[in-house]
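Chain and residue survey
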Amino acid sequence: MALRNDNLWYKDAVIYQLHVRTFYDSNADGIGDFPGLTQRLGYLQELGVSALWLMPFYPSPLKDDGYDIADYTSVHPSYGTVQDFKTFLNAAHDRNIRVIVEMVLNHTSDQHPWFQESRSSRDNPKRDWYVWSDTDTKYQGVPIIFVDTEMSNWAWDPISKQYYWHRFFSHQPDLNYDNPAVREAMWQVMKFWLDMGVDGFRLDAVPNLVEREGTRCENLPETHAIIKDYRRRIDLAYPNKMLLAEANQWPTDVISYFGLGDEFHMAFHFPLMPRMFMAVKLEDRKPIIDILEQTPPIPEICQWCIFLRNHDELTLEMVTEIERDYMYDTYATDKAMRINLGIRRRLAPMMENDRRRIELMNGLLLSMPGTPVIYYGDEIGMGDNIYLGDRNGVRTPMQWNGGWNGGFSAADPERLYSPVISNPVYGYQAVNVESQRRSEHSLLNWMRSLIQTRNLFQVFSRGSIEFLDPSNHRVLAYVRQLGGATVLVVNNLSSSAQAVELNLQRYKGHIPIEMFGRNLFPRIGELPYLLTLGPYQFYWFRLRRI
Amino acid sequence: MFLAFSSRAGEQAGNLAEDILLGDDFIRQLMSVGEVDLLIGIPSYNSAITIAQTVRAIEESVHQNFVRDRIVIVNVDGGSTDNTTEVFLESDRRKAFDRRGLTSLRTIHRVSWQYGKTPSLGMAVRTIVAAADLLRARSCAVVSSTTIDLTASWVTNLLRPVHKEKFEYVSPLYARNRYEGLLSRNLLYPMVRAIFGLRMREVYSGEWAFSGRLAAHYLDQDVWAEEPVRARPEGWLAITAMCSGYACCQSFLGQKGAPTVGGVDTVEAIRQTVGNLFWCMERYQEHWLDRVGSQPVPTFGPEHEILNNGAPSNPEKIFELFRTGVAELEPVLASILTQETHRQLNGIASEDAEKFRFGCELLVRALYEFAASYHHAVINRDHIVQALVPLYRGRLYSYLLQHAHSSVEEMQADSELLCLEFERQKPYLIEKWNAKS
């Protein structure tokens, strides 16, 4: 089946994020691979997702889980071959699932041949492919991102006796985008994958491409110019592709990455995410309303990308100290849960395995404006292992069944790339796909139903949003509209039952139809519309005038 | 339609008719707020000019010091004809967002209700206390809508002892200029101290704080319809806390100037404050009749401050009013005071203005005789209280004359002597109080 010719497909997508290594091991070496992922495409199609975002699968020393790339145009042998990837890609397309791959523009591994050449001598032709300096005093004041492990953004190279710039780990030297050769080389990399048929790129760490003295070395005009050039080239030669920006910035800074619709198609709304968690804990809609009121409009063809959790720590960079302290005190009481400026836990443990809260958070994710990203395993409520290093605790093997290695691999458990979660609450015996498939009311089946419902109504993906302002601050209510379709979403953020009166006079005469059970609710009249909601309950209503 | 509200202690159908009535709209607003940690009440009447600043100070305090708490600010209005309520609800909604954060973690609720068509501080406070009880507020404060000196630190200093230090009643302390707060310094404080045994300086003030537990206790008392409580409830609130065993303290807020709106009418001020004090003495006599001496109250910040500035307002006029009042109220004073006290009073009233002295001993004796006469209701109680006004003016003039060139320390020392005189003569009060009328 050919993919639909739709240059706005990303607006309607439900994206599933996964690392091929974590998903399914087909050859019993303890590591997930592309043949294994190909075998599991049916599960993903059944779930209802329409796009996959794959974390880096390129050859790499794996000191940063693959974000330290040593070869951009190949596949790490542990995951398969380029042919395996092609097979997977075609199979995904056959199921109408698009594939977004990582493109780490900002830096390479120090094992990449480019860096090996660059550092070999100061006269090497590729010397200027990276950012070198005699001193470590340039670009003073630029914040360190991995504060738990790095002391400086400069690292000393004992081979060529100079410092090199790295915004991330010291084994990830930054490429020098002032060099046209670098820009061209990365374009060739993108072309390689575009020619193969990938549907889009998630551009990692994109704000950091360019450095300039006296700045934070983030969000510089030169960076935008580079991206716009890539976008122009992609639009010329490759229709229906998508660029997704990873720019962990304040909304007013992120919108510059959309340009005039000529730069990124999508960007993550990072500041919204922690505020969803805050709102549920505070039982107050204020954090969500405040951040969305501060979010400027974006070009018509662009889209925010929203998420609850991902492979990284739940970042608390875009919050104040007070908010960060609150998040730590409520969601990361054990210091082992904290890393850098964030929390390395999964959704279900953060919700204390409260099914209602998990549902509420997913309901918010799939009804708020933007393209939602579901992190692998969250659809079954997987847990985490905070005692694994770095952020590996949220990157454990997918739990398929209650058997050997959770059904992830036939290898000996000691051989697995990571131990499977095995405690009594979140362990694979308790939380796995197979048992949830058998239970009609499992979280997995509920998620399928939720995604399916969302997919039926384009109003969720492309509609406007208007927040209602009921006096009960524990209720977050909004109206989504697209053309003649109107959906009312009402969420109880509180742990106790709530009553709320909504001013729906504008919709007088409409009948609310609850979208999961399809039951009719009383017609909207002149008076405020009274609803009662159980703890953490939410409603999606179609408003129909009939 | 109004909903009946009943206290938690007495929810019986038979008592509904006597319960306070909170309007449907108010109840609906409170429902939306839900349980809170902090409730700050603002009684108002035609306060449109000043209430915005009050709200600003409260929200500033909350943003800085109570960021995680659930907060509601409740304005209870006595029928304002300016747009006090609108200003309260809309002023300074913080829309200027911080660069990388929010204005506050939680919604800070503002609830407003008009409790009547004429202002009554007692009704306003009753409403605030009822709201605090309904919302299960852990800590409460009442602040004046007309105090232009109110700052965020005032609110913080008022709330912190009850919210974070486990006290249950907080009385304010102020820095005043040497000629402000003289009624409190020369009469109310020394008398409250001697009678109730606690050195709480500002029992009749515009700001105070209390715990939710104490709020529930207030609500259960059957006094809200009494005129002394309707007019000046704060004295009764403080004295109730003292006499009922709640942990009381004082907290220094800052410099307090004279009220900007309405000024101070001496007759009304004495009528309300001293009338309330005498009424409280009546109500809590079993608590104070046996009490001897006084104890300090835990204090946050300086004990109090008298600033070495300001000027007295027209002392000559005050003296003239004193002499005139003593003369005109001759028969009334004769029925209140003993012969000896009355004679001495007439004696000083005939002195020259430059040499006038209204000594502590005579003043205290006279005040205690007034209190006893109030207790025995020798004449109409309101008339007794009003008859006190010329005596207070005399004392005031004497004080101004005596301290025209005194240092602040000398004034404070003199105030302390007055307090000790009240305590020394308390047996006399008890004797007169218990005497058969």
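Criteria and cut-off values
Residues numbered from 1 in each chain as written. Chains lettered and ligands numbered in written order. Predicted model: local features only at pLDDT ≥ 70, side-chain atom pairs only at ≥ 80, totals over all residues. Helix = DSSP H or I, 4+ residues; strand = E, 2+ residues; numbered from the N terminus. Rg over C-alpha atoms; globule rule 2.2 N^0.38 Å. Buried ≥ 20, exposed ≤ 12 C-beta atoms within 10 Å, placed from the backbone. Contact = placed C-beta atoms within 7 Å. Axes fitted to C-alpha atoms, helices over the stretch in contact; angles between N-to-C directions. Left-handed = near helix turned anticlockwise from the far one by under 90°. Nonpolar A, V, L, I, M, F, W, Y, C, P; charged D, E, K, R; others polar. Core = buried A, V, L, I, M, F, W, Y, C linked by C-beta atoms within 7 Å. Domains from an automatic or database assignment. Pairing = 2+ DSSP bridges. Expected span 1.5 Å × (residues − 1). Arc of directions from axis to C-beta.

So, the overall build of chain B
- Looking only at helices and strands, one finds 19 helices and 11 strands in chain B.
- Whereas a compact globule of 437 residues would reach a radius of gyration of roughly 22 Å, chain B reaches 22 Å, a difference of no more than 12%.
- The buried share of chain B, taken over its 437 residues, is 49%.
- Considering only intrachain contacts with a sequence separation of at least 6, the fraction spanning at least 24 residues in chain B is 85%.

Let's talk about the packing of helix 7 (residues 180-196) of chain A against helix 8 (residues 221-237) of chain A
Residue and element names in this part refer to chain A.
- One can describe the packing of helix 7 onto helix 8 by two numbers: an axis separation of 11 Å at closest approach and a directional angle of 35°. Classified by chirality, the crossing of helix 8 by helix 7 is right-handed. Contacts between helix 7 and helix 8 involve R183, W187, M190 and L194 from the former and I226, Y230, R233 and I234 from the latter.
- Looking at the contact of helix 7 with helix 8 residue by residue, the class counts come to six nonpolar, no polar and two charged.

A few points about the interface of chain A and chain B
- Counting residues at the interface gives 17 residues for chain A and 14 residues for chain B.
- Taken together, the elements giving at least two residues each to the side of chain A that touches chain B come down to helix 11 (286-293) and helix 12 (321-331) of chain A.

A closer look at the nonpolar core
- If you look at the biggest cluster of nonpolar residues, it comprises 167 residues, and the most contacted ones within it are A:L52, A:L244, A:A267, A:M276 and A:M361.
- Here this core takes eight residues from helix 10 (residues 272-282) of chain A, the largest share from any one element.
- Two domains share this core, each providing at least three of its residues, namely domain 1 (113-165) and domain 2 (463-544) of chain A.
- Within the second largest apolar cluster, 124 residues are counted, among which are B:I108, B:Y169, B:M191 and B:L429.

Focus on the sheet that holds strand 4 (residues 132-133) of chain A
All names here are of chain A.
- With respect to topology, three strands assemble into an open sheet ordered 4-6-5, the strand pairing being antiparallel. If you trace the sheet from one side to the other, it starts and ends with strand 4 and strand 5 (154-157), each paired once.
- Bridging between strand 5 and strand 6 (residues 162-165) involves four bridges; their strand directions are antiparallel. Within strand 6, the position partnered with W156 by the bridge is Y163.

What about the environment of A:E222?
Residues and elements named next belong to chain A.
- Within the secondary structure, E222 is located in helix 8.
- Given 12 C-beta atoms within a 10 Å radius, E222 is considered exposed.
- The spacing of E222 and L533 is 311 residues in sequence and 50 Å in space, taken between C-alpha atoms.

Description of the domain arrangement of chain B
Residue and element names in this part refer to chain B.
- Split by domain assignment, chain B resolves into domain 1 (2-307) and domain 2 (315-434).
- Relative to domain 2, the C-alpha centre of domain 1 lies at a distance of 31 Å.
- Every contact between the two is made by 22 residues of domain 1 and, on the other side, 22 residues of domain 2.
- At the level of elements, helix 6 (182-196) and helix 10 (266-283) are the ones that each hand at least two residues to the side of domain 1 that touches domain 2.
- Ranked by residue count, the leading element in the side of domain 1 that touches domain 2 is helix 10, at nine residues.

Looking at helix 5 (residues 82-94) of chain A
Residue and element names in this part refer to chain A.
- An ideal rise of 1.5 Å per residue puts 18 Å on 13 residues; helix 5 measures up with 18 Å between its terminal C-alpha atoms.
- Looking only at helix 5, the buried set comprises D84, F85, F88, L89 and A92. Along the axis of helix 5, the buried residues cluster in a sector spanning 135°; they form a single face.
- Contacts from the buried residues of helix 5 go to helix 3 (34-39), helix 4 (41-47), strand 2 (51-54), strand 3 (98-104) and helix 7.
- Downstream of helix 5 by one or two residues, N96 has phi in the positive range, about 65°.

A word on unusual backbone geometry
All names here are of chain A.
- Not every positive phi belongs to a glycine, and L62 is a case in point at roughly 60°.
- Along the chain, L62 turns up in the loop between strand 2 and helix 5.
- At N353, a residue that is not glycine, the phi angle is positive and equals roughly 60°.
- With respect to the helices, strands and loops of the structure, N353 is situated in the loop between helix 13 (347-350) and helix 14 (355-367).

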